[in-house]
Amino acid sequence: MSRAQTAAVAAAAAAAAAPAFLATSGVKAVASGHSAQLRGSQTAGSASLSAPAALLGSASALLAAQICGKVGKPRRSMTVVTAFENELGVQAPLGFWDPLGLSKDGDVYSFKRRRSVEIKHGRICMLATMGYITPEIAGKFPGYLDPTIKLKFEDIPNGLAAISKVPLAGWIQMIAYAGFCEISAGYDADVNKRTPGDMGWKPPLFGNNSPEMKQRRLNVEIANGRLSMMAIIGMFFQDGLTGQAWGDWANYTDSPLRAFENELGVQAPLGFWDPLGLSKDGDVYSFKRRRSVEIKHGRICMLATMGYITPEIAGKFPGYLDPTIKLKFEDIPNGLAAISKVPLAGWIQMIAYAGFCEISAGYDADVNKRTPGDMGWKPPLFGNNSPEMKQRRLNVEIANGRLSMMAIIGMFFQDGLTGQAWGDWANYTDSPLRAFENELGVQAPLGFWDPLGLSKDGDVYSFKRRRSVEIKHGRICMLATMGYITPEIAGKFPGYLDPTIKLKFEDIPNGLAAISKVPLAGWIQMIAYAGFCEISAGYDADVNKRTPGDMGWKPPLFGNNSPEMKQRRLNVEIANGRLAMMAIIGMFFQDGLTGQAWGDWANYTDSPLRAFENELGVQAPLGFWDPLGLSKDGDVYSFKRRRSVEIKHGRICMLATMGYITPEVAGKFPGYLDPTIKLKFEDIPNGLAAISKVPLAGWIQMIAYAGFCEISAGYDADVNKRTPGDMGWKPPLFGNNSPEMKQRRLNVEIANGRLSMMAIIGMFFQDGLTGQAWGDWANYTDSPLRAFENELGVQAPLGFWDPLGLSKDGDVYSFKRRRSVEIKHGRICMLATMGYITPEVAGKFPGYLDPTIKLKFEDIPNGLAAISKVPLAGWIQMIAYAGFCEISAGYDADVNKRTPGDMGWKPPLFGNNAPEMKQRRLNVEIANGRLAMMAIIGMFFQDGLTGQAWGDWANYTDSPLRAKVA
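- Per an unreviewed UniProt entry, the protein goes by Light-harvesting protein and derives from Effrenium voratum.
- Note on the protein: under the UniProt heading Subcellular location (unreviewed entry), the record states "Plastid, Chloroplast".

Focus on the overall build of the protein
At step 1: Along the protein, the regular secondary structure elements total 23 helices and 10 strands.
At step 2: Residues classed as buried in the protein amount to 30% of the 966 residues present.
At step 3: Nonlocal contacts in the protein, meaning residues at least 24 apart in sequence, comprise 59% of its contacts between residues at least 6 apart.
At step 4: Looking at the protein as shown, the accessible area adds up to about 61000 Å², and 65% of this sits on carbon and sulfur atoms.

Some details on the pattern of salt bridges
At step 1: By the definition in use, this model includes 32 salt bridges.
At step 2: When the shortest N-O distance is used, the salt bridge between arginine 123 and glutamate 221 registers 2.6 Å. Pair noted here: arginine 123 is in helix α4 (residues 108–138) and glutamate 221 is in helix α7 (residues 211–242), with a separation of 98 residues, a long-range link. Side by side, arginine 123 and glutamate 221 carry an identical accessibility label, which is buried.
At step 3: Residue glutamate 822 is joined to arginine 930 by a salt bridge in which the shortest nitrogen-to-oxygen separation is 2.7 Å. Of this pair, glutamate 822 sits in helix α20 (residues 812–842) while arginine 930 sits in helix α23 (residues 915–946), placing them 108 residues apart in sequence.
At step 4: Salt bridges here are not isolated pairs; linked through shared partners, they connect Arg115, Glu118 and Arg226.

Overview of the side chain of lysine 296
At step 1: Position of lysine 296 relative to the elements: it lies in helix α8 (residues 284–314).
At step 2: Non-local contacts of lysine 296, meaning those with residues more than four positions away in its chain, are made with Glu358, Asp366 and Met375.

Brief notes about α23
At step 1: Taking 1.5 Å of rise per residue, the 32 residues of α23 would be expected to cover 46 Å, and the 45 Å separating its terminal C-alpha atoms lies within 8% of that figure.
At step 2: Taken residue by residue, α23 has Leu922, Asn923, Glu925, Ile926, Gly929, Ala932, Ile936, Met939, Gln942, Asp943 and Thr946 as its buried positions.
At step 3: Along its buried surface, α23 packs onto α20.
At step 4: Trailing α23 by a residue or two, glycine 947 shows a phi angle of about 80°, which is positive.

Section: a nonpolar patch on the surface
At step 1: Residues Leu336, Ile339, Trp347, Met350, Ile351, Ile409 and Phe412 make up a contiguous nonpolar surface patch of about 680 Å² in total accessible area.
At step 2: Listed by contribution, the elements that provide at least two residues to the nonpolar patch are α9 (344–360) and α11 (387–418).
At step 3: The element best represented in the nonpolar patch is α9, accounting for 3 residues.
At step 4: Mapped onto the elements of the fold, leucine 336 is located in the loop between β4 (327–328) and α9.
At step 5: Relative accessible area serves as the criterion here: at 32%, leucine 336 is assigned to the partly exposed category.

Some remarks on the confidence of the model for the protein
At step 1: When the pLDDT values of the protein are averaged, the result is 77; 79% of them are 70 or greater.
At step 2: In the predicted structure, residues 1–82 sits below a pLDDT of 50 and forms 109 contacts with residues beyond four places in sequence or in another chain.

Notes on the environment of serine 340
At step 1: Summarising the element assignment, serine 340 is placed in the loop between β4 and α9.
At step 2: Here alanine 337 takes part through its backbone oxygen, which lies 2.8 Å from a polar atom of the side chain of serine 340.

As for unusual backbone geometry
Excluding glycine, residues mostly have negative phi values, and the peptide bonds linking residues are mostly trans.
At step 1: Of note, lysine 150 is a non-glycine position whose phi angle comes to about 55°, a positive value.
At step 2: Summarising the element assignment, lysine 150 is placed in the loop between β1 (144–146) and β2 (151–152).
At step 3: Its identity is not glycine, yet lysine 678 carries a phi of approximately 55°, on the positive side.
At step 4: Along the chain, lysine 678 turns up in the loop between β7 (672–674) and β8 (679–680).

Conventions and cut-offs
- Residues numbered from 1 in each chain as written.
- Predicted model: local features only at pLDDT ≥ 70, side-chain atom pairs only at ≥ 80, totals over all residues.
- Heavy atoms only, no water.
- UniProt positions renumbered as here; feature names shortened; annotations may be inferred.
- Helix = DSSP H or I, 4+ residues; strand = E, 2+ residues; numbered from the N terminus.
- Buried < 20%, exposed > 50% of the residue type's maximum accessible area, 1.4 Å probe, protein only.
- Contact = heavy atoms within 4.5 Å.
- Areas by Shrake-Rupley, 256 points an atom, 1.4 Å probe, with all protein chains shown as cover.
- Salt bridge = Lys/Arg side-chain N within 4 Å of Asp/Glu carboxyl O.
- Expected span 1.5 Å × (residues − 1).
- Patch = residues over 30% accessible without salt bridge, like charges linked within 9 Å, V, L, I, M, F, W, Y side chains within 5 Å.
- pLDDT = per-residue confidence, 0-100.
- Polar contact = N/O pair within 3.5 Å; in protein donor to acceptor, adjacent residues only side chain to side chain.

See below:
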């Protein structure tokens, strides 16, 4: 393709792609007076664009005008809203998106400042993105970039590699131009006098300069800038890893997985596997030395593994191992116990034989002269000694040796625990997991969990007593939890709780405050009822005669009373009771702190989180965050000391984070890190592996530098005399040193430091798990997310997703049970979601829902409000239908006999009932059910906040993004 054809194709592609870059909604009119005044300053300004970008922006704006259509008239509202939701940059589909709540304080200057920074970053990223794309499509300029050093445009590589070619004059020009743009337009003038991003310059071809058109163009520019910021980060990432602006991953030759990838021992499925990066320094001798050691260890382990297995299968040699001490082969036990029987002469023989093998073959000769593991001896029956056959045999030996090393460690482990070479775990009777491990209440994923060892004495009565108490506490907590929730959702009973004192149910507050309203007769009734339950069932009879929690009473609808079903029901009850105990404690906690059953934390005025809440480092969205209450004693020195330590740690982590990133992007320094030991910078691996390469002098230098920084600034002087983190040194380019500016800079530094502390921990974590500084998770083969990864419901893009590791125990029944519950919940949520949608679209049924109380269908509101209208008969019908579905299909039959979710019923129009089609339908149903579960939660959320089933957010007047004014 010629250069002209290429340019034509690029232009066509740009025109075709333009709609994706355009704002798809018009500029909203502003109804409220204050909002209009707030936005009144947005009357002048435009983007600072190059001429080509201006042409593209002009075309984009015109196309946007054709696409957008008419703007609807604004609806009048009773609430005047000033929280930036109609400001520049608020665009569909997210609208005003501020998940961190940075603007909830209503600070107009801060909001405009951030928007200005966003626009300018977006402009730079648009230029940078085009800088990546344009040379690939249209080629480079002819002639010289810098005639003084004979540097041509065609000599400049694309992408990050171009950085190394920029001459000093180029860096000066770029910095000077950026400074000129800022200064000539007036520093912060776009924030203080114009609109964010308006640099006071109008592109010459943009004739229409009306406020509406300017607003539209700036919105389009913001959208393009946001896309460019995402794009350029992706380009940097693939460029840094592959060395190409367009990122051909086949070029990622520096991957530690590529080192020695064709060497001996590199085998499927892992290929070259070096998670610790031991060989990424490229040292051939060290690699061969490790491979030689691996092969020899493998040979010893193959012999040891056979030494475990052979006596069990073929028996032992006849006669004596050592006639001098009358020691027979048959007297030698298998496994670790054999060590105690080896005579001194035996140990000498083994050590001597190992030494003979090493010396006779030439010490390290297999590394220096032959191939690793080649001891210069050919087994007599191996006639073919070609290099290819030798390579194949050594590879087979390595694979067998690796397997044997894993096997022998496993054998040692089970032998040591069970006392047998073959490790019958039934013999591991000392395991704390064995205490009452088949008793009631032992459930996955923890199994028998007794971290305090309360039951290790084996006292059966004490164990059952504790289990009985746990079940009864769980029952009370389930009732208490429902007592918190039910009045909030379904309201309270009508009439009087105590007619003698005129106390109505509606007068009883929710939560802990209700305790103060309970009359004496109420306390007597509760205590009497608890006593009745205990005495009528026989005190401790569930412990002594029945099973813990069995009070001798069968609920009337539970027809199946077999021991297995009773055991299962009690186990389910224990699980629910445990959850309820956790839930009620949480409710008590938030109620006690906030004075509300549902816990509005804004009311927690005594919170230790409020201490020092206006100090340095207190930033949105968390505000003052001290979950451990370290500062609740009000000690100012201790607070400042901790803040100082936090800032310093943040500075170190910012350096460490850059230390991870910079070598990947810009490469390493030339020359030697330590000339005395010939250690080059390029020999230092990235990430944690670098620690092993730091010479002693390096550790001394780092410690000495840290000490110098502390001592030269005056130890603790930033805490006692200045502000935390202020080391008494002003960077030379920071001319403004006012207290306000210093405070702002330290706050910015704290935020960056906190981010870096999180980032470096994440880098350490992925480096430690994957052996790479950049963490290729494909190498994390031990992940519990790999369990059941081919089962029903495993779908793209997440694959098998089990972040809590619930299924890592491999229990098939539990896995299927959970999948069955998921499918049934999904079905209910699909019905519930349609129950929200259908009345809005198709209307409601005519006539009466309940003729006895004259309740019409049209009287039932949509959404959560409908709950208050459901009559008792309705609740009975719903519960009865759910029970019918479970019982008619056979309780748990889909788990035990069929597939999860298969209730034994085929919809009449589903003719194809092949296993493959059923599997496909269930997978589709699971996906839809998961979506419905998310959808119904969202609907509940918006309904609860806005009071509408469809959630008109204009009604959510309590939103922190909605600052109200009179």
